[in-house]
Amino acid sequence: MKRTLAVWIFDLSLVALIAGLAIDKYMQRAPQVEPNEFAANVELEPLRNLAVQDVGRIKSFDSFARAKMRMVGGPYDVDGKEPVFAYFDLMLNPREYQDKEIIYVKRAIRPELARAMQEEKIAPEAIIKFTKSGLMAPGLYWAPAIQAELGNLEQDIIRTQKFVNMMSWAMASTDTHRLSNDFAIIPPPNGTDKSPWLSGEQLWGLGFLQDGHNHGAEATGIPGLDESLSSAITSDWNKLVETWRDQDAAGASAAIASLADNLKNVNPQLYPEVEKLNLESLYFKLKAFVWVWIVYALAAVPLVMFIAYRMNGALTLGKIILVLAFALHTLAIGMRWYISGRIPNANMFEAVLASVWFGVLGAFVLEFLVRKTNMRGLFYFGSAICAMVAMMCQQFMPTVLKSDIDNVMPVLDDMWLYIHTNMIIWSYALIGIAAIIAMLYLRYRLGGGDSSFARIGGAGSLILDGSTPKGDRFLIDEKGSTGKVLDAATMVIMELAFVTLWAGLVMGAIWADHSWGRPWGWDPKEVFALCTFVIFIILVHVRIKVRDKGLWTAILAVVGCAVMLFNWIVINFKITGLHSYA
C-alpha cells in the first residue's frame, strides 16, 4: 500500500515539475528578434538604475519599465526587447512599432477579433498566429472591423468589457505622449519627498518626439536649479534623443552616463541611494524569485519517499532542499520589504508570497513538535507542495499576479493590515497544507486502505506522544497505521487553521468597524470567508457523529480548501466588492 501511495505521489510531483517547466518554456515563445548592433552595444546600466517617480513611489527605471511594458506585451517582451530598451525605443521611435505585433490580447476575446481580422482580409496564417500568441500590431488595432468588434465586446460588462479595457490600456501605454509624460526622472530642486518629480515632456515639450527631429530643448530650464546644471541636463537629454535615433551606440551610452550622473546632483538629499536602486533592479532581474517553486518541487520528491518508505536519508535530503528553498523565499521577502519600505502583504502577489512563507515556517515548527512521531515529514511535504503551487501561479500568471512594487493603497494604510491580513493568509496556507495531507488520505482509501482514524488527533497528538495510557500507540509504533497517521496530521493542521481563520475574521471585523464604521457588511469576501469557517465548524461536528471519521474529515478538508480558493481567487478577480483590492 505504501509503495502504491509513494508511486502515485512521486508521479504527481514529477508531472507537476515537467508541466511547470513546459509551461514556462511555452510562455517564453514570443517572437524572437535578434538585437541589432545598436541594441547590442548601447550601455543601459546607468539608465536602468535611474530613479523614477511613479504613483507616488520612487523606484528604479528598470522596475518602472518592466511594469509599463508588461501592460503592453503581457507575458511577452515587447518586440523581443528587454523592457528598458523597449520603453525608450517606443518613446523615441514610435513609428517603428506600428506594424509590429506587440499588443497582448487576452484569450477570452481572441476568437471575435480573429473573425474581425478575416473581415479586414488579413492572411490566414497571421490570424492563426494571433490566436495562438495573442499579439496584435498597434496599426491593426485601428482597423474599422477591429474597432467595431471591440465596441460590441465592450457592451458585455460581465464577460468581455474588462478585456477590451486591458487592450485599450495596452495601446495607451505605447503612446509617445504617455511614455514621455510618465518618465518623471527629475527631482524637484527645492522640493520635499512629497513633491512631484518632473518629466522631460513637462520641461522640454514634445518637439523632438512629434516629427522625429530634435529642435533643442531651449524652451524652459529646470525651475529653481543652477543654470549650468540645468543646461547640462538639457544638453544630455538632447544628445541622448539624437544619438538614439541615429543608432549611435557610443554616443547614446555617453549621454546616458552623463544624464544619470547629473540627475543625482539636482537634489542629492531627495535622490534615493544608488545601492537601493541597484537592489531593486537585481530583484527583478532575478524574476522576483518566482522560480523558487522548482526548488520546492525538488524538495517534495525525497520527502514523499520518506513518507512511504521511512528512509531517513530521504528525509534529511528533503529537509536540506526545503531549507534552501525557504532561505531563497525569505530572501525574496526581505529584498521586497527593504525596497518597498513596508511589510510586503499589500497586494495579491505579496499575499500569495507571504501566505506560503508562513505555511513553510509553521511546518518547521510543527515538524519539531512531532519529530518523535510517525507524523514527521508530512508537514514538510504539505508545505512544499503548497509553496510550489503558489509560486508556479506567480510565474505563469504574471498579468494577474503582478510583481510590481507599489505604495500601499490609502484604505489599507493601517496597522490592522499587518495584523488581520497576516492572520488570514496564514490560515489560508494551513488550509492548503491540510488539503494536501487529506488528499493523501483519500488516495490511501481509494487504494484499498482501511477506515482507521486517529483517536487522538489534532492538538492532542502534539501533547500525548503515545507513551501515556491515554495515548495512541500509532504515533510512535514503527509499524503504525498509515491511515491513522494521515488522519492525525490532517487534524493538527485543520485545528490550527480553524483557530487562525477565526482570529483573522474577528480582527477583520475590528478593522472594518474602525475603517468603515461597521464590523460586518455582507461584502462578498466577508461572506465566503465566513463560509470557509462554517465548513470547519461542520467538520468538527461531523467528526463527532459519523462512524467513518477519517474519510469525512479528509473530504471536508478538501472542500474547505476549495471554498477558500474560490474566496481568494474568484471573489478577488471576478466579483466587485469592498475587498476587490485584497
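Up top is the structure.
Not measured: the values here are computed from a predicted model. (Residues numbered from 1 in each chain as written. Predicted model: local features only at pLDDT ≥ 70, side-chain atom pairs only at ≥ 80, totals over all residues. Heavy atoms only, no water.)

**What to know about the pattern of salt bridges**
Rules: In the sections that follow, a salt bridge refers to a side-chain nitrogen of Lys or Arg positioned within 4 Å of a carboxyl oxygen of Asp or Glu. Only protein chains enter the accessibility calculation, which uses a 1.4 Å probe; a residue is then buried when its area is under 20% of its type maximum, exposed when over 50%, and partly exposed in between.
This model, assessed by the stated rule, comprises 19 salt bridges. Between R159 and D156 there is a salt bridge, with its nearest N and O atoms 2.8 Å apart. A relative accessible area of 22% means that D156 is categorised as partly exposed. For R445, the salt bridge identified is with D548, shortest N-O distance 2.8 Å.

**Topic: the packing of aromatic side chains**
Cut-off, in case you're wondering: Stacked, edge-to-face and tilted labels apply to pairs of Phe, Tyr and Trp rings (six-membered ring for Trp) whose centres lie within 6.5 Å, assigned for plane angles under 30 degrees, over 60, and everything in between, in that order. Secondary structure elements follow DSSP: runs of H or I no shorter than four residues count as helices, runs of E no shorter than two count as strands, and numbering proceeds from the N terminus. Cation placement over rings: the criterion is NZ of Lys or CZ of Arg within 6 Å of the ring centroid and within 35° of the ring normal.
Under the definition given, this model contains 28 aromatic pairs. Ring geometry for F61 against Y87: centres 5.4 Å apart, planes inclined by 90°, an arrangement best described as edge-to-face. Placement of F61 in helix α4 (residues 61-73) and of Y87 in helix α5 (residues 83-92) is noted, with a sequence separation of 26 residues between them. Relative accessible area serves as the criterion here: at 0%, Y87 is assigned to the buried category. Ring centres of F88 and F183 lie 5.4 Å apart, and the angle between their planes is 80°; on these two criteria the pair is classed as edge-to-face. Taken together, the residues span a long stretch of sequence, with F88 in helix α5 and F183 in the loop between α11 (176-182) and β5 (184-186) at a distance of 95 residues. The same class applies to F88 and to F183, which are both buried. Taking NZ or CZ as reference, K100 lies 5.1 Å from the ring centre of Y97, over its face. Between the NZ or CZ atom of R371 and the centre of the ring of F368, over which it lies, the distance is 4.1 Å.

**Points about the side chain of K549**
What counts is decided by this rule: Just so you know, the count uses Lys and Arg for positive and Asp and Glu for negative, and it drops His and the chain ends. Here a polar contact is recorded for every N or O atom pair within 3.5 Å, except that within protein the pair must consist of a potential hydrogen donor and a potential acceptor, and residues adjacent in sequence are included only if both atoms are side-chain atoms. Throughout, a residue-residue contact means that at least one pair of heavy atoms, one from each residue, lies within 4.5 Å.
Within the secondary structure, K549 is located in helix α25 (residues 549-574). For the buried K549, no salt bridge exists, and the shortest N-O distance to an oppositely charged side chain is 9.3 Å, to D487. A distance of 2.7 Å separates a polar atom in the side chain of K549 from the backbone oxygen of R543. Look past the residues within four positions of K549 in its chain and what remains in contact with it is F453, R543 and I544.

**As for the packing of helix α24 (residues 524-545) against α25**
Selection criterion: Under this scheme, a helix contributes an axis fitted over its contacting stretch, all axes are lines through C-alpha atoms, and angles between N-to-C directions fall in the 0 to 180 degree range. For this classification, under 35 degrees means roughly parallel, over 145 means roughly antiparallel, 65 to 115 means roughly perpendicular, and everything else is oblique.
Contact geometry of α24 with α25 gives a least axis separation of 9 Å together with a crossing angle of 180°. One finds that α24 runs roughly antiparallel with respect to α25.

**Quick look at helix α21 (residues 416-446)**
Selection criterion: A helix is expected to span 1.5 Å multiplied by its residue count minus one.
With 31 residues, α21 ought to run about 45 Å at 1.5 Å a step, and its terminal C-alpha atoms sit 44 Å apart, in line with that. Within α21, 24 of the 31 residues are buried, which leaves it mostly tucked inside the rest of the structure. G448, located one to two residues past α21, shows a positive phi value of around 100°.

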